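# Examining the three-dimensional arrangement
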Amino acid sequence: MDFLKEGERLDYLLAEDMRIIQSPAVFSFSLDAVLLARFVYVPIQKGNLIDLCSGNGVIPLFLSARTKGKITGVEIQERLHDMAVRSIEYNKLQERIQMIHGDIKEMPRVLGYGKFDVVTCNPPYFPTPSRDEINENEHLAIARHEILCTLEDAIKASSQLSRQGGKVAFVHRPGRFLDIVTLMRKYKLEPKKVQFVYPKAGKEANTLLIEGVKNGNPDLKILPPLFIYNGNEYTPEMREILYGE
């Protein structure tokens, strides 16, 4: 197939009835991206949305099923950006989604300050390890570790891109919850809703979803917990998210 390069495959996004190009050796999206795309508020009929640290474009694709607004994705890795562009073309969404190959730290200057109604970001989760601990796969290392983008970089850029009253949402690890809230408030993003995601009942949360409003008033809502599995099967909530059931 012309859309695919060596080592790539075409996977289904079942609930959205789309396909996405992935590569185990380069990048495959995680459940975190699915959860963020479903968690964030989006305007249905119109709006200007941007997704930072887009990887292979999975969140822009997911968002396109929820809004008729214009969506921009930003990815610094050329190979991942190329995969995203081809997935967008495969799904014939070029008129609604554009991908930018660039550094998120430069996007406010390049695209303009306060231009977006909604900003999403699935940033690298882990501080940069020592050289002997870092993943030998450069693509995976950059996606997972704060090599080219720190948590503060992501939150600062998101705030700068958001209009006054705009929504900004992140997915991260619960262990960084206080860091995230502190940095959001530093850059005038008031946390408004939080949801913790658990592998299953009786386990600790392993994912955090948080949404804030640019220069919003304090009023934080803690949403009910989301459980991924019931035994060895997805919970009804997760089956609806993944498969549209």
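Residues numbered from 1 in each chain as written. Predicted model: local features only at pLDDT ≥ 70, side-chain atom pairs only at ≥ 80, totals over all residues. Heavy atoms only, no water.

This part takes up the overall build of the chain. Helices and strands together make up the secondary structure of the chain, namely eight helices and 13 strands. Taking contacts inside the chain between residues at least 6 apart in sequence as the whole, the part at least 24 apart equals 69%. Working note: accessible area of the chain is about 12,000 Å², and carbon and sulfur atoms make up 50% of it. (Helix = DSSP H or I, 4+ residues; strand = E, 2+ residues; numbered from the N terminus. Contact = heavy atoms within 4.5 Å. Areas by Shrake-Rupley, 256 points an atom, 1.4 Å probe, with all protein chains shown as cover.)

The subject of this paragraph is the layout of surface pockets. Empty space within the second largest pocket amounts to approximately 280 Å³. Around the second largest pocket, the lining is made up of 18 residues, and of these Y12, F29, L31, V34 and L242 lie nearest the centre. Elements supplying a minimum of two residues to the lining of the second largest pocket: β1 (9-13), α1 (31-39) and α8 (236-243). Looking at side-chain class alone, the lining of the second largest pocket contains 14 nonpolar, two polar and two charged residues. (1 Å grid on protein atoms, 1.4 Å probe; cavity = no way out; pocket = protein on both sides within 12 Å on 5 of 7 lines; lining within 4 Å. Points joined across faces, edges and corners; volume = space filled by probe spheres on them. Nonpolar A, V, L, I, M, F, W, Y, C, P; charged D, E, K, R; others polar.)

Glancing now at the pattern of salt bridges. This model, assessed by the stated rule, comprises 15 salt bridges. Ionic pairing is found between K221 and D219, a salt bridge with its closest N-O pair at 3.1 Å. You can call K221 partly exposed: its relative accessible area is 47%. Via salt bridges that share partners, K5, E8, R79, D82 and R86 belong to a single interconnected network. (Salt bridge = Lys/Arg side-chain N within 4 Å of Asp/Glu carboxyl O. Buried < 20%, exposed > 50% of the residue type's maximum accessible area, 1.4 Å probe, protein only.)

Before going further, it helps to spend a moment on the side chain of T120. With respect to the secondary-structure elements, T120 resides in strand β6 (residues 116-121). Residue T120 is classed as buried on the basis of its relative accessible area, which comes to 1%.

Its identity is not glycine, yet D17 carries a phi of approximately 55°, on the positive side. Residue placement: D17 occurs in the loop between β1 and β2 (18-22). With a relative accessible area of 71%, D17 lands in the exposed category. One non-glycine residue, N215, lies in the positive phi region at around 55°. Relative to the assigned elements, N215 resides in the loop between β9 (207-214) and β10 (221-222). Given the relative accessible area of 42%, N215 is considered partly exposed.

Here we come to the side chain of E190. Structurally, E190 can be placed in strand β8 (residues 189-198). For E190, a relative accessible area of 11% translates into the label buried. Filtering out sequence-adjacent residues up to four positions away, E190 remains in contact with R185, E211, G212, V213, G216, N217 and P218.

How two helices pack is summed up by the angle between their axes together with the distance between the axes. Look at α1 against α8: their axes get within 11 Å of each other, and the N-to-C directions meet at 90°. Here α1 lies roughly perpendicular to α8, going by the angle between them. Packed against α1, whose contacting residues are L31, V34, L35 and R38, the element α8 presents M238, E240, I241 and L242 at the interface. Of the residues contributing to the contact of α1 with α8, the split by class is six nonpolar, no polar and two charged. (Axes fitted to C-alpha atoms, helices over the stretch in contact; angles between N-to-C directions. Parallel < 35°, antiparallel > 145°, perpendicular 65-115°, else oblique.)

Below, the discussion takes up a nonpolar patch on the surface. On the surface, a nonpolar cluster with roughly 320 Å² of combined accessible area is contributed by Y12, L14 and Y243. With respect to the helices, strands and loops of the structure, Y12 is situated in strand β1. Given the relative accessible area of 54%, Y12 is considered exposed. (Patch = residues over 30% accessible without salt bridge, like charges linked within 9 Å, V, L, I, M, F, W, Y side chains within 5 Å.)

Below, the discussion takes up the environment of L161. One can find L161 in helix α6 (residues 151-161). C-alpha separation for the pair L161 and K115, spaced 46 residues apart in sequence, amounts to 5.8 Å. In this structure L161 touches I50, L52, M107, P108, L111, G112, G114, K115, F116 and V119, once residues within four positions along its chain are discounted.

Shape is all these values report; function is a separate question.
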